[in-house]
Amino acid sequence: MSIAESAPARADAPFVEKTPEMIAATLRGDQPSLVGLTRSQLKDALASIGVPERELKMRVSQLWHWIYHRGARDFADMLNVSKHLRADLATRFTLNRPEVVSEQISVDGTRKWLIRMQPVGPHDKGAEIEAVYIPESDRGTLCVSSQVGCTLTCSFCHTGTQRLVRNLTAAEIAAQIVVARDRLGDWPGAARPTDGLVPDADRAVSNIVLMGMGEPLYNFENVRDAMEVVTNGEGLSLSRRRITLSTSGVVPNIVRAGEEINSMLAISLHAVRDDLRNTLVPLNKKYPIKELLEACRNYPGLSNARRITFEYVMLKGVNDSDADARELVRLLKGIPAKINLIPFNPWPGTKYECSDWDRIEAFSEIVFRAGYASPVRTPRGRDILAACGQLKSETEKLRARARLMLETGIGAEGVYAAGAGEE
Ligand code: SAH
Ligand code: SF4
């Protein structure tokens, strides 16, 4: 049955008596949100409140449609869902999104949101991550985080200075797109904001890059499941070709990503010799350049129309010589590739500087002559520290302060109640 049609009344469905536990959960206000759930998670959630097995598939489709196509915030709006079920859903679940703690808008229209996830335990205030929206005239790209912090320690990356706090769940990854669409009025009938550039396209969020905080291939299953929500025609419905997963080079999972995620791939290369790459991207000690490029060659479905992007951050006097450029071109021979030269985005305390402009031009000229077009990526949102590698949330600091206060005898609840956040 089509989800647009009216669903049959659930006259034969068992009435679900509320248990004391359900009532207590409602009173505490901690019903789980259905936003961001995969089909199978949603199916389990519905089964847990007594939706009969034979209805589950249809109900999941209905709810997915309301959540991901319509941006519903209230079960009461879901008019093709029976009244009885809507009431049940509203007592057991919510359609809450992760909270947008702050929004910054750059002079160039880039928006950065600090997003706080639902707490996962009594002493958790909710992990904070950042998502960045980059509008262009004909498309809008959302840069999504996959982890809170990162376990890797690339020496030029601000996120690398933040300890990994935790992996994001699939729902938390997918919910970043729902949040962005809320803020951008990117739902049927919703109004677009007038305070910044929004593209002249059907969808304000038309592309996704997994280039926010974290290493997506070290949170493989959750990233894969979230991308299923994003790409499914009944879900957020974006083509896999509009999703780019960026990795610092987790070789075994590149193969898996090709098989199970099948998005576009970007590799953070940044150096053409192992000794230098070992210091810039320490993961190189485990998976050196040769193995990395071999995995790239074997990435499924490569062609001239479907290339791997190689990212190369321009660091003054470190990796930006003519010899580096020539070696880069030589290394990539035979791989359908794009090269993105990224001017280094500085952050407080870094020891690196961005290469001078004429050096970047000379480097890019060599790359251009080898057949790679327009390779320099214009930094966006630099004024609000929203550019690549500048994202770093306060979550680690909050945890450090919570620990300190616990050690000095003040309960964690006290820390959170005292409005931690204005460090
Ligand atoms: N962890 C993944 C994805 C997140 S980083 C990865 O490393 O690929 C996204 C991109 O920003 C990567 O290419 C990364 O190397 C680059 N980057 C990190 N810090 C940067 C900085 N300060 N200036 C410019 N690019 C940076
Ligand atoms: Fe982590 Fe990527 Fe930053 Fe390296 S560049 S520390 S892998 S987020």
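Residues numbered from 1 in each chain as written. Chains lettered and ligands numbered in written order. Predicted model: local features only at pLDDT ≥ 70, side-chain atom pairs only at ≥ 80, totals over all residues.

Peer 1: Residues and numbers for helix H9 (residues 289-297), please.
Peer 2: Among all positions in H9, only Leu292, Leu293, Ala295 and Cys296 are buried. The buried side chains of H9 occupy one side of the element, clustering within an arc of 155° when seen end-on. Within H9, the exposed residues directed more than 90 degrees away from the buried face are Lys290, Glu294 and Arg297. Contact partners of the buried residues in H9: helix H7 (251-260), strand S9 (264-268), strand S10 (308-314) and helix H10 (322-331). (Buried ≥ 20, exposed ≤ 12 C-beta atoms within 10 Å, placed from the backbone. Helix = DSSP H or I, 4+ residues; strand = E, 2+ residues; numbered from the N terminus. Arc of directions from axis to C-beta. Contact = placed C-beta atoms within 7 Å.)

Peer 1: Hey, could you go over the confidence of the model for the protein for me, with residue numbers and the actual values?
Peer 2: On average, residues of the protein carry a pLDDT of 84, and 82% of them reach 70 or more. Ranking the elements of the protein by mean pLDDT puts helix H13 (residues 412-417) last with 27 and helix H8 (residues 274-280) first with 98. Here residues 1-17 scores under 50 on pLDDT; set against residues more than four positions off or in separate chains, the count is 22 contacts. Confidence over residues 397-423 falls short of pLDDT 50; this stretch has 19 contacts with residues more than four positions distant or in other chains. (pLDDT = per-residue confidence, 0-100.)

Peer 1: Would you mind going over the environment of Leu265 in detail, with residue names and values included?
Peer 2: For Leu265, the location among the structural elements is in strand S9. C-beta crowding within 10 Å serves as the criterion here: with 24 such atoms nearby, Leu265 is assigned to the buried category. Each C-alpha atom, one on Leu265 and one on Ile254, is 8.7 Å from the other, the two residues being eleven residues apart in sequence. What Leu265 contacts, discounting residues up to four positions off in sequence, is Leu245, Ala257, Tyr299 and Ile308.

Peer 1: Which residues make up the nonpolar core, and what values go with them?
Peer 2: Within the largest apolar cluster, 103 residues are counted, with the highest numbers of intra-cluster contacts made by Ala131, Leu142, Ala174, Ile177 and Val230. If you tally residues by element for this core, the top one is helix H5 (residues 170-183), at nine residues. Setting aside its immediate chain neighbours within four residues, Val230 contacts Ala174, Ile177, Ile208, Gly235, Leu236, Leu238 and Ile243. (Core = buried A, V, L, I, M, F, W, Y, C linked by C-beta atoms within 7 Å.)

Peer 1: Would you mind going over unusual backbone geometry in detail, with residue names and values included?
Peer 2: Notably, Ser237 is not glycine yet its phi reads approximately 60°, a positive angle. Here Ser237 is to be found in the loop between helix H6 (220-231) and strand S8 (243-247). Unusually for a residue other than glycine, Asn262 sits at a positive phi of about 60°. Examined against the element boundaries, Asn262 turns out to sit in the loop between H7 and S9. On the basis of neighbour counts, which here come to 18 C-beta atoms within 10 Å, the residue Asn262 falls in the partly exposed class.

Peer 1: So what's going on with the site of ligand 2? Which residues, and what values?
Peer 2: Ligand 2 sits among twelve residues. The nearest are Cys150, Cys154, Cys157, Gly160 and Ser248. Class assignment for the residues of the shell around ligand 2 results in four nonpolar, seven polar and one charged. (Near = placed C-beta within 6 Å. Nonpolar A, V, L, I, M, F, W, Y, C, P; charged D, E, K, R; others polar.)

Peer 1: Can you break down the packing of H10 against helix H11 (residues 357-369) residue by residue, with the values?
Peer 2: Between H10 and H11, whose axes approach to 9 Å, the crossing angle comes to 25°. One finds that H10 runs roughly parallel with respect to H11. Here the hand of the crossing between H10 and H11 comes out right-handed. For the pair H10 and H11, contact is made by Asp322, Ala325, Arg326, Leu328 and Val329 and by Ala362, Phe363, Ile366 and Val367, respectively. When grouped by side-chain class, the residues that make up the contact of H10 with H11 number seven nonpolar, no polar and two charged. (Axes fitted to C-alpha atoms, helices over the stretch in contact; angles between N-to-C directions. Parallel < 35°, antiparallel > 145°, perpendicular 65-115°, else oblique. Left-handed = near helix turned anticlockwise from the far one by under 90°.)

Peer 1: If you had to explain the sheet that holds S10 to someone new, which residues and values would you point to?
Peer 2: Taken together, the nine strands give an open sheet; going across it, the order is S1-S2-S3-S4-S7-S8-S9-S10-S11, and neighbouring strands pair in mixed fashion. Pairing within the sheet leaves two strands with one partner each, and these edge strands are strand S1 (99-105) and strand S11 (337-343). Across the sheet, the axes of successive neighbouring strands diverge by a mean angle of 20°, strand direction being ignored. Taken together, the four bridges between strand S3 (residues 128-135) and strand S4 (residues 140-143) define a ladder with antiparallel strand orientation. Paired with Tyr133 across the bridge in S4 is Leu142. (Pairing = 2+ DSSP bridges.)

Peer 1: Account for the pairing of S3, naming residues and giving values.
Peer 2: Each regular strand carries side chains that alternate between the two faces of the sheet. Counting buried residues in S3 gives eight out of eight residues, a clear majority hidden from the surface. The alternating pattern of S3 places Glu128, Glu130, Val132 and Ile134 on one face and Ile129, Ala131, Tyr133 and Pro135 on the opposite face, and all of these are buried. Bridge count between strand S2 (residues 111-116) and S3: six bridges; the pairing is antiparallel. By the bridge assignment for S3, Lys112 is matched with Val132. Hairpin connection of S3 to S4: four residues between the antiparallel strands.

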